[in-house]
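Single-letter residue listing:
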Amino acid sequence: MAESVVHPEGEGQDPNRRDFIHIAAGAAAAGAGVAAVWPLINSMNPAADTLALASIEFDLTKVQEGQQVVIKWQGKPVFVRYRTPAEIERARAEDSAALPDPQTDAERVIEGHEQYLVLVGSCTHLGCVPTFGTGDFGGWFCPCHGSHYDTSGRIRRGPAPANLVVPTYEYLNDTRIRIG
Amino acid sequence: MSDHESTYVPKTAFERWMDSRLPIIRFGADYMSLPTPRNLNYWWTFGGILMLCLGIQIVTGILLAMHYVPNTEMAFESVERIMRDVNGGWLIRYVHANGASMFFIAAYIHMLRGLYYGSYKAPREMIWIVGCLIFFLLIGTAFLGYVLPWGQMSFHGAVVITNLIGSIPVVGGPILTWLQGGPAIDNATLNRFFSLHYLLPFLIAGCVVLHLWALHHAGQNNPVGILIPKERQAKDTLPFHPYYTVKDGFAVILFLLLFSYFVFFNPNALGHADNFIPANPLVTPAHIVPEWYLLPFYAILRAIPDKFGGVVAMFGSIGILFVLPWLDRSRIRSMRYRPIMKVLFVLFVVNGFILGWCGAELPDAHVIGNFSTFTVYDGDLNSFLWLGRFATLYYFAFFLVMPFVALKEKPLPVPSSISEPVLAPEAAIEKKG
């Protein structure tokens, strides 16, 4: 095929060499095009100052028992909930229930601080902010498309595919955490 | 109509000078004298109305951009400043905001007209496909524009819609971060949405040029849906100007009356009260809905119980329009002569309204009365969830049964020319027998 395109009547001695030049030139132009477009595409990725806001600290003494504080982390809401013993009890009791995204309550909190549940407050369906206390499972309910979460932030019913995300965080001391 | 011969004769020295260098006056004159089927009804005026809508949106948009500030701290206030302090700002903004709704009303009528009269069939497939592309760009532009005032509905609408992309397996997450310019919708997102909202209308304008090019190459369809034989050209066509410039002009006046009603008497009727609250990323409005013109697609999204499946269905509902010319196998263009398709078409229009209704309501709410029937799969049968599912099913079925309808349907006799059914309807039908 290439031979007939480059040399219609078989003139010239070495059609393969000319084909090679055409292909190499085309490939170089395509490669250069991609290389030139990449920085343009990459400029739309998060900028350095946006990435620098990656972690925050929070003082847990601000939360009372049975209360939830919402803080902003990386532009998203983070729920810090001081759970009542009844809530913890219920979450543990339902570890063995039929969960769409199976996880035990112990896996979602840090040992020794089971009363504090830290969650990214974005519904795993389409990112709305769930509200506490209105769902059928004692936890959160997402008003947008009707996902129900339990007292451990696990998805129980509705379109959301996964549990509310537990961000990476650590205890700096007994009352202070760093998220991110 | 592609073989339309130029009848333009340059009259002045300047016109002769231009004609041999840049024949743009000839181009315009030929456009105005274009032979146009003489039986076009008022459904055909929406093309011109849409051109006007695009013009209005671009002009008012450019003026708004002179006062608007695309920054999360100032966007909401700059919009309020436009409303209160900028000279005539309220008018320009209300024209722009309601103009989007008017644009969609005209676009939906224009598309349904094309659907009913078979304007997508050979040799006009490319007109239809470019039109679908314009519709897709229109949806994108409207969505981006709705985010800019940075109210509660703007913000959380943007969260929900961008998260649709995040549902794509494997690559969805990185693409979402790239699109948002950060881990969440924030200033970077607002800035780029403003940039793209300014860009897309000009892409639409470019596509309109292709749309018209294809239209004038293939020739306009007409309510009878037949190609005009060459020997009937003189009898069955009229020059575009003055016949259709005047007809379009009259329709434009009526359309502007409707437009003015909304702008001057009910400017927020089509908006949402929650968008008067500045965006707050920590609280989602209790009932989040898109603008009315996207409600049917929102209902399709929610009808599918799987996150990614819903996204595929929603994009599929627009994507299926692109292949419509190959789904409909019937030789008859106009549904006037297709008794079965005509009924299915009417149901399709009704179904569109039902989908919109479902999109506006909470999925768990009851459709009729306030009683529960029985639970099927994951919801009560008497709920908008299930009504939306049936309506979604009909939406796709309408397109997918087309090849089979074409086989089974017995079309009514089609006239052989445009003037025939007018001049001698009885004789024409007898002759076709």
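Fair warning: this is a prediction, and the values are worked out from it, not measured in the lab. (Residues numbered from 1 in each chain as written. Chains lettered and ligands numbered in written order. Predicted model: local features only at pLDDT ≥ 70, side-chain atom pairs only at ≥ 80, totals over all residues. Heavy atoms only, no water.)

Trainee: Give a description of the overall build of chain B that names residues and reports values.
Mentor: On a plain count of helices and strands, chain B comes out with 19 helices and 4 strands. Taking 2.2 N^0.38 as the reference for a compact globule, 433 residues should give roughly 22 Å; the C-alpha atoms of chain B span a radius of gyration of 24 Å, in line with that estimate. Here chain B, with 433 residues, has 49% of them falling under the buried criterion. Across chain B, the fraction of contacts at a sequence separation of at least 24, relative to all contacts at a separation of at least 6, is 76%. Accessible area for chain B stands at about 21100 Å²; split by element, carbon and sulfur atoms hold 71% of it. (Helix = DSSP H or I, 4+ residues; strand = E, 2+ residues; numbered from the N terminus. Rg over C-alpha atoms; globule rule 2.2 N^0.38 Å. Buried < 20%, exposed > 50% of the residue type's maximum accessible area, 1.4 Å probe, protein only. Contact = heavy atoms within 4.5 Å. Areas by Shrake-Rupley, 256 points an atom, 1.4 Å probe, with all protein chains shown as cover.)

Trainee: Tell me about the UniProt feature "binding site: heme b b566" (unreviewed entry) in chain B, residues and numbers included.
Mentor: Residues and elements named next belong to chain B. Feature annotation in UniProt places "binding site: heme b b566" (unreviewed entry) on His110 and His211, given in this structure's numbering. Their sequence span is 102 residues, while the largest C-alpha to C-alpha distance among them is just 13.1 Å; these annotated residues converge on one region. In contact with His110, other than residues within four places in its own chain, are Phe46, Gly47, Leu50 and His211. Mapped onto the elements of the fold, His211 is located in helix H9 (residues 187-218). For His211, a relative accessible area of 18% puts it in the buried group. Excluding residues within four positions of it along the chain, His211 makes contact with His110, Ile127, Val130, Gly131 and Ile134. Polar side-chain contacts of His211 include one of 3.0 Å to the backbone oxygen of Ile127. (UniProt positions renumbered as here; feature names shortened; annotations may be inferred. Polar contact = N/O pair within 3.5 Å; in protein donor to acceptor, adjacent residues only side chain to side chain.)

Trainee: Describe the pattern of salt bridges, listing the residues and the values that go with them.
Mentor: Taken as a whole, this structure holds 16 salt bridges over all chains when the rule is applied. In this structure, the salt-bridge partner of A:Asp150 is A:Arg154, at a minimum N-O distance of 3.0 Å. The pair A:Asp150 / A:Arg154 is uniform in exposure class, with both members buried. Close ionic contact of B:Asp328 with B:Arg338 constitutes a salt bridge, the shortest N to O distance being 3.1 Å. Taken together, the residues B:Asp328 in the loop between helix H14 (324-327) and helix H15 (339-360) and B:Arg338 in the loop between H14 and H15 connect sequence positions 10 residues apart. Assigned by exposure class, B:Asp328 and B:Arg338 land together as buried. The network of salt bridges with shared partners includes A:Arg90, A:Glu94, A:Asp95, A:Asp150, A:Arg154 and A:Arg156. (Salt bridge = Lys/Arg side-chain N within 4 Å of Asp/Glu carboxyl O.)

Trainee: Could you give an account of the UniProt feature "domain: Cytochrome b/b6 C-terminal region profile" (unreviewed entry) in chain B, with specific residues and numbers?
Mentor: In the UniProt entry, the feature "domain: Cytochrome b/b6 C-terminal region profile" (unreviewed entry) is given for residues 230-416 of chain B. From the first C-alpha to the last, residues 230-416 of chain B spans 13 Å; its make-up is 56% helix and 4% strand.

Trainee: How would you explain the sheet that holds strand S10 (residues 176-179) of chain A if you had to name every residue and give the values?
Mentor: Residues and elements named next belong to chain A. Judged by pairing direction, the sheet is antiparallel, and its 3 strands sit side by side in the order S1-S10-S9 without closing on themselves. Only two strands of the sheet have a single neighbouring strand rather than two, namely strand S1 (56-59) and strand S9 (169-173). Each neighbouring strand pair of the sheet contributes to a mean axis angle of 30°, computed without reference to strand direction. Across 4 bridges, S9 lies against S10 in antiparallel orientation. Counted as the bridge partner of Tyr169 is Ile179 from S10. (Pairing = 2+ DSSP bridges. Axes fitted to C-alpha atoms, helices over the stretch in contact; angles between N-to-C directions.)

Trainee: So what's going on with the sheet that holds strand S3 (residues 76-82) of chain A? Residues and values would help.
Mentor: Residues and elements named next belong to chain A. Reading across from one edge, S2-S3-S4 is the order of the 3 strands in this open sheet, with antiparallel pairing throughout. The two strands at the open ends of the sheet, each matched to only one other strand, are strand S2 (68-73) and strand S4 (116-120). Taking the axes of each pair of neighbouring strands and ignoring which way they run, one obtains an average angle of 20° across the sheet. The pairing of S2 with S3 spans 6 bridges and is classified as antiparallel. Among the inter-strand pairings, Lys72 is bridged to a residue of S3, identified as Pro77.

Trainee: With reference to specific residues and values, describe the packing of H15(B) against helix H16 (residues 384-400) of chain B.
Mentor: Residue and element names in this part refer to chain B. At a closest axis distance of 9 Å, the pairing of H15 and H16 adopts a crossing angle of 145°. Our pair here, H15 against H16, has a crossing hand that is left-handed. Residues Met341, Leu344, Phe345, Leu347, Phe348, Asn351, Ile354, Leu355, Trp357 and Cys358 of H15 form the contact with H16, whose own contacting residues are Phe384, Leu387, Gly388, Ala391, Thr392, Tyr394, Tyr395, Phe398 and Phe399. Along the lines of polarity and charge, the residues of the contact of H15 with H16 split into 16 nonpolar, 3 polar and no charged. (Left-handed = near helix turned anticlockwise from the far one by under 90°. Nonpolar A, V, L, I, M, F, W, Y, C, P; charged D, E, K, R; others polar.)

Trainee: Kindly report on the interface of chain B and chain A, identifying the contributing residues and their values.
Mentor: Facing 25 residues of chain B, the contacting portion of chain A comprises 23 residues. Between chain B and chain A, a total of about 2100 Å² is buried, with carbon and sulfur atoms accounting for 65% of that surface. Ranking the residues of chain B by area buried against chain A places B:Trp178, B:Leu282 and B:Lys307 at the top, with a combined share of 30%. Joining chain B to chain A, the criterion identifies 8 residue pairs in polar contact (both at pLDDT 80 or more). Counting only elements with at least two residues in the side of chain B that touches chain A, the list comes to helix H7 (152-166), helix H8 (172-180) and helix H12 (295-303) of chain B. A total of 5 residues in the side of chain B that touches chain A trace back to one element, the largest contributor, which is H7(B). Of the residues assigned to the side of chain B that touches chain A, the class counts are 15 nonpolar, 6 polar and 4 charged. (Buried area = accessible area lost by both parts, 1.4 Å probe.)

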